[in-house]
Amino acid sequence: MPLASLNRFPVTTAAIALLFLAAVISAANSCPPSDLAALLAFKAALRESYNGGIFKSWTGTNCCRNWHGVACDQNSGRVTEINLRAGTLYETFEKPQRQGYMAGHISSEICKLSSLSSIVITDWQRISGDIPPCITSLSFLRIIDLTGNRITGNLPADIGNLRHLSILSAADNSITGVIPATISSLTGLTYLDLRNNRISGPIPNSLGQLQFLSRAFLSGNQISGPIPGSISKMYRLVDLDLSRNKLTGPIPESLGRMPVLATLNLNTNGLSGKIPANLLGSGISDMDLSHNMLEGNIPDSFGSKSYFTTLELSYNNFKGSIPKSIASAAFIGFLDLSHNHLCGPIPKGGVFDTLDESSFAFNDCLCGKPLLKAC
């Protein structure tokens, strides 16, 4: 055999090896046919407001390459994320002065993407229908965010099966039914946002088992019954918003012992009884208890640990005088005591020197500045 032929032989072998390796890498980085079919079925159930939107990029057989909003595992090639946020993705496709939206429903075919860890489908305005119950079979899910659509029906009853879930957000939809009792099994949950829906029934007493929860937003629903004292067991909770519901009964005194609670919004409910005195000296800095049926005297328990950017106590049935200790608070940025049954002189000093008449209006017999009525 000529020497030139011998020299070409190893080069050809090396080239074949490289081509084989490239083929293996390419196969690993492309989604399998089952995931491709599931994504196309998911796409078929949705309609964009005009042609040339996000789904225009969903072409070809490799859904791991240049499909907007789709991410895959680099090793297995399985689809791990669907991230369709109207406010961010549409900046690429939207024509000037023309707002995009998406209609249709979330197909149950999404449940065939068994490696999904994140489902984000937000702010599309017209996506409706139920949350597919089979979504609870996606055991790798860490994020579900369906905010800002028209989703109806109930939250899946067995949502507690998603043991790795850390974020659950379905705010600004039309979801009905109750908060599933199994939600207490989501022990890794850090963020819960179900505000502005039509959820009814009580807050599960077992909610206190969510030890890692830092933010809970349940406002703007039809949730009824008492505030469970077990909430105080969520020692990492920073923000709690239960406003604009149908809650009744007293405010649990244990809320004032929560170590990092900074925001407490309970406005526009049917809460009754007295304000727990320890709330006013806790670490809460933004507290809104307005538009309830709270009564009795405002506790005279303000002090150097009382630091409020906002303290809203208006539209209740408080009586008696304004506690003088409010003036000794470390800081109060805004205070509203209007629409109560308070009497007597308005204290001087501290926050009282910065407030206007509206903070004290519509009480029974308050007097002194900033009111025009002298004592």
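Since this is a predicted model, take the numbers as computed values, not measurements.

Draft legend 1. Focus on the overall build of the chain. When helices and strands are counted, the chain shows three helices and 26 strands. Looking at the 375 residues of the chain, the share that counts as buried comes to 49%. Taking all contacts inside the chain whose residues are at least 6 apart in sequence as the whole, residues at least 24 apart take part in 51%. Of the roughly 17600 Å² of accessible surface on the chain, 55% is carried by carbon and sulfur atoms.

Draft legend 2. Just the pairing of strand β17 (residues 270-273), in detail. Relative to β17, strand β15 (residues 246-249) runs parallel, the two being bridged by two bridges. Each residue of the ladder has a partner; that of Gly249, found in β17, is Leu271.

Draft legend 3. Seen up close, the sheet that holds strand β7 (residues 143-145). With respect to topology, twelve strands assemble into an open sheet ordered β2-β3-β5-β7-β9-β10-β12-β14-β16-β18-β21-β24, the strand pairing being mixed. This sheet does not close on itself; its edge strands, each paired only once, are β2 (70-72) and β24 (335-336). Strand direction decides the pairing type here: strand β12 (residues 215-217) and strand β14 (residues 239-241), joined by three bridges, are parallel. Within the sheet, the bridge partner assigned to Ala216 lies in β14 and is Leu240. Contacting β2, β3 (79-85) and β5 (118-122), helix α2 (residues 33-44) crosses the sheet at an angle of about 20 degrees to β3.

Draft legend 4. Inspection of the sheet that holds strand β8 (residues 150-152) at higher detail. Pairing within the open sheet is mixed, and its four strands lie in the order β1-β4-β6-β8. Unpaired on one side and paired on the other, β1 (46-48) and β8 mark the two borders of the sheet. Direction aside, neighbouring strands of the sheet carry axes that sit 10 degrees apart on average. Looking at chain direction, strand β4 (residues 102-105) and strand β6 (residues 125-130) are connected through four bridges and run parallel. Bridging across to β6, Gly104 finds its partner in Ile127.

Draft legend 5. Layout of the pairing of strand β25 (residues 341-345). In this sheet, β25 lies alongside strand β22 (residues 317-320) in parallel orientation, the contact comprising two bridges. Counted as the bridge partner of Gly320 is Leu342 from β25. Of the pairings in the sheet, the one linking β25 to strand β26 (residues 365-367) comprises three bridges and is parallel in character. Note that in β26 the partner of Gly344 across the bridge is Leu366.

Draft legend 6. Fine view of the packing of aromatic side chains. Tallied over the full model, the rule gives seven aromatic pairs. Summarising the aromatic geometry, the rings of Phe55 and Trp58 are spaced 4.8 Å apart at their centres and angled 70 degrees between planes, so their arrangement reads as edge-to-face. The pair Phe55 / Trp58 is uniform in exposure class, with both members buried. With a centroid separation of 6.5 Å and 65 degrees between ring planes, the pair formed by Phe302 and Phe308 is classed as edge-to-face. Judged by relative accessible area, which is 0%, Phe308 ranks as buried.

Draft legend 7. Representation of α2 within the structure. In this model α2 runs 16 Å from its N-terminal to its C-terminal C-alpha over twelve residues, within 8% of the 16 Å that 1.5 Å per residue would give. For α2, the full list of buried residues reads Asp35, Leu36, Ala38, Leu39 and Phe42. For α2, the buried positions fall inside an angular range of 165 degrees around the axis, keeping them on one side. α2 presents Pro33 and Ala44 as exposed residues on the side facing more than 90 degrees away from its buried surface. Looking at the packing, one finds that the buried side of α2 touches β1, β2, β3 and β5.

Draft legend 8. Molecular detail of the state of the cysteines. One pass over the structure, following the stated rule, counts five disulfides. Across the disulfide from Cys343 sits Cys365; the S-S distance is 1.5 Å. Taking the sign of the S-S torsion, 95 degrees for the link of Cys343 and Cys365, the bridge is right-handed. With a gap of 22 residues between them, Cys343 in strand β25 and Cys365 in strand β26 connect regions that are remote in the sequence. A sulfur-sulfur distance of 2.1 Å marks the disulfide that ties Cys367 to Cys375. Taking the torsion about the S-S bond as the criterion, the Cys367 to Cys375 disulfide, at about 105 degrees, is right-handed.

Draft legend 9. Region of the structure containing the side chain of Ser290. Examined against the element boundaries, Ser290 turns out to sit in the loop between β18 (286-288) and β19 (293-297). Within the local environment of Ser290, its side chain forms a polar contact with the side chain of Asp288, the two groups lying 2.7 Å apart. The contact partners of Ser290, leaving out residues within four places of it in the chain, are Leu266, Asn267, Thr268, Glu312, Leu313, Ser314, Tyr315 and Asn316.

Rules and cut-offs
- Residues numbered from 1 in each chain as written.
- Predicted model: local features only at pLDDT ≥ 70, side-chain atom pairs only at ≥ 80, totals over all residues.
- Heavy atoms only, no water.
- Helix = DSSP H or I, 4+ residues; strand = E, 2+ residues; numbered from the N terminus.
- Buried < 20%, exposed > 50% of the residue type's maximum accessible area, 1.4 Å probe, protein only.
- Contact = heavy atoms within 4.5 Å.
- Areas by Shrake-Rupley, 256 points an atom, 1.4 Å probe, with all protein chains shown as cover.
- Pairing = 2+ DSSP bridges.
- Axes fitted to C-alpha atoms, helices over the stretch in contact; angles between N-to-C directions.
- Phe/Tyr/Trp six-rings, centres within 6.5 Å; stacked < 30°, edge-to-face > 60°.
- Expected span 1.5 Å × (residues − 1).
- Arc of directions from axis to C-beta.
- Disulfide = S-S within 2.5 Å.
- Polar contact = N/O pair within 3.5 Å; in protein donor to acceptor, adjacent residues only side chain to side chain.

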